[in-house]
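Below, each chain spelled out in residue letters.
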Amino acid sequence: MNSLKTPYFVINKDFLDEELHKLKNALQRSWGNYIVGYSYKTNAFPWVIKYFRDNGCYAEVVSDDEYELAKSVGADKLIYNGIAKSKETFFEAVRNHSIVNIDAEYEINWLAELEPNNYEVGIRVNFDLESKCPGQTQCGEDGERFGFCYENGELKRAIDKIEEKGVKVVGLHLHKSSKTRMPDIYRAIAETAVEISEKYGLKLKYVDIGGGFFGGLSSKPQFPEYFDMVAGILKQCFDPEETALIVEPGMALIGAAVDYYTSVVDVKRTTRNTFIVTDGSRTQIDPLMTKSSYFKEIVRIGSEPRQVFERQIVSGFTCMEHDRLFELSNELEILTNDQIVYHKVGAYTMCLSPLFIKWFPAVYVKEGEHIIKARDRWTVAEYKSRCIGDKEK
Ligand SMILES: Cc1ncc(COP(=O)(O)O)c(C=O)c1O
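Quick caveat, the model's predicted, so the values are computed rather than measured. (Residues numbered from 1 in each chain as written. Predicted model: local features only at pLDDT ≥ 70, side-chain atom pairs only at ≥ 80, totals over all residues. Heavy atoms only, no water.)

**Student:** With reference to specific residues and values, describe the nonpolar core.
**Tutor:** Side chains of nonpolar character tend, in soluble globular proteins, to be buried together. Counting 102 residues, the largest nonpolar core has Tyr40, Ile209, Phe227, Leu234 and Tyr342 as the members making the most contacts within it. For this core, the element with the highest residue contribution is helix α8 (residues 183-200), accounting for nine residues. The residue makeup of this core includes at least three contributed by each of domain 1 (31-249) and domain 2 (256-384). Filtering out sequence-adjacent residues up to four positions away, Leu234 remains in contact with Trp31, Ala190, Ala193, Val194, Val207 and Leu245. (Core = buried A, V, L, I, M, F, W, Y, C linked by side-chain atoms within 4.5 Å. Buried < 20%, exposed > 50% of the residue type's maximum accessible area, 1.4 Å probe, protein only. Helix = DSSP H or I, 4+ residues; strand = E, 2+ residues; numbered from the N terminus. Domains from an automatic or database assignment. Contact = heavy atoms within 4.5 Å.)

Printed below as a string of structure tokens:
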């Protein structure tokens, strides 16, 4: 890999195979009747979405653009979630009997325009996770904004309104993005699915517990911990013969399968610090600037003698001062041409990073000892594509 021009991402296919296999095994053992919907938003890189398509996963999409992307790669098993659906794609998905989870009032209103045909939909549930798992939710006391609120009766009103339009509610979607990704989040989700279904006498074809699991980290909860517990609760009310368990993992599958390779291009010494300047950037692997550490490897190239430096700050190529990735204390100095490799950077990176100062880097796929290029680095041509008046200098 050392001969490839940095920066670039590498997707480790063998690792993906293993994780997907573990996920499917855990679901098969605990519930049997399951669907894996790969979460496009987590990383919709074309090779990645084709990989999940080829491995029997549904495409979990949350906008008309993602919906069209799924169609463009021939992914015809779809879960259509979110609040960014277009009316046209919404109708198409309902008519094609895709799994469509309603998340907005205007979608319910659109149903009035559908011809009667015993169509079926699911609905996104908003329930108060913060009271069940204090301190674990992303928005704390402010609560989450997605779905229809169960506790204040909005969910029941929405279900009734959908059914008045001759459309059946056959699924509950209960995805929650938590800060902790811990199994008790899924206990609350499963208990809420049981409670709602019993209270409203719903006959559900699926319970969709969403994504948000850990994956690819031996120190964190493993798939069976989540699904055995969820299955134990769902069995109080649902029969796997009739009700499928849907999961929508993103991070758990793609997060740990991707590495980012960078090189040191310069070393700057100031009176206050030593800055290691690389051709990578924090914007590529931490676009939301929230990470405090990385799984990383420093490859010191050559046999030159090196001193120990009290402090070295590894930084990126952008002109933002806070494009600093990590700091080394009392470690061997890093020199120009050394490599820094970041591991487990596949989630919310390649498809969330900005086109800031430099265009998207190359992407490779590694399978066994084979490496194939899956994307050339972007050039001005891709950046300027779709611009009007591009002929002018
Ligand atoms: C509806 C839905 N499903 C699945 C996911 C995937 O979550 P993760 O990548 O944490 O597994 C998300 C992420 O926000 C989501 O909003």
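**Student:** An account of unusual backbone geometry is requested, with residue identities and associated values reported.
**Tutor:** Of note, the amide linkage connecting Thr6 to Pro7 takes the cis form, showing an omega dihedral of 0 degrees. Within the element layout of this structure, Pro7 appears in the segment before β1 (8-12). Backbone geometry places Asn118, a non-glycine residue, at a positive phi of 55 degrees. If you trace the backbone, Asn118 turns up in the loop between α5 (105-110) and β6 (120-126). Although it is not a glycine, Lys344 sits at a positive phi angle of roughly 60 degrees. Position of Lys344 among the secondary structure elements: in the loop between β16 (339-343) and β17 (362-367).

**Student:** Describe the pairing of strand β10 (residues 244-247), and please don't skip the residues or the numbers.
**Tutor:** Of the two faces of β10, the one carrying Ala244 and Ile246 and the one carrying Leu245 and Val247 are both buried. By the bridge criterion, three bridges tie strand β2 (residues 34-39) to β10 in an arrangement that is parallel. Bridging from a neighbouring strand, Val36 pairs with Val247 of β10. Where the polypeptide runs from strand β9 (residues 206-208) across helix α9 (residues 223-234) and back to β10, its parallel neighbour, the crossover connection is right-handed. (Pairing = 2+ DSSP bridges. Right-handed = clockwise from strand over helix to strand, strands pointing away.)

**Student:** Give me the lowdown on the packing of aromatic side chains, citing residues and values where you can.
**Tutor:** What describes a pair of aromatic rings is the distance from one ring centre to the other and the angle between the planes of the rings. On inspection of all chains with the given rule, the structure shows 23 aromatic pairs. Arranged with centres 4.0 Å apart and planes meeting at 10 degrees, the rings of Tyr38 and Phe52 form a pair that is stacked. Residue Tyr38 is found in strand β2, and its partner Phe52 is found in helix α2 (residues 46-54); the two are separated by 14 residues along the sequence. Across the pair, exposure class does not vary: Tyr38 and Phe52 are buried alike. Taking the centre distance of 5.3 Å and the plane angle of 75 degrees together, the rings of Phe213 and Phe227 count as edge-to-face. Of this pair, Phe213 sits in the loop between β9 and α9 while Phe227 sits in helix α9, and the two are 14 residues apart along the sequence. Exposure class is identical for Phe213 and Phe227. Each is buried. Three or more aromatic residues link up through ring pairs in this structure, and these residues are Phe9, Tyr260, Tyr294, Phe326 and Tyr342. (Phe/Tyr/Trp six-rings, centres within 6.5 Å; stacked < 30°, edge-to-face > 60°.)

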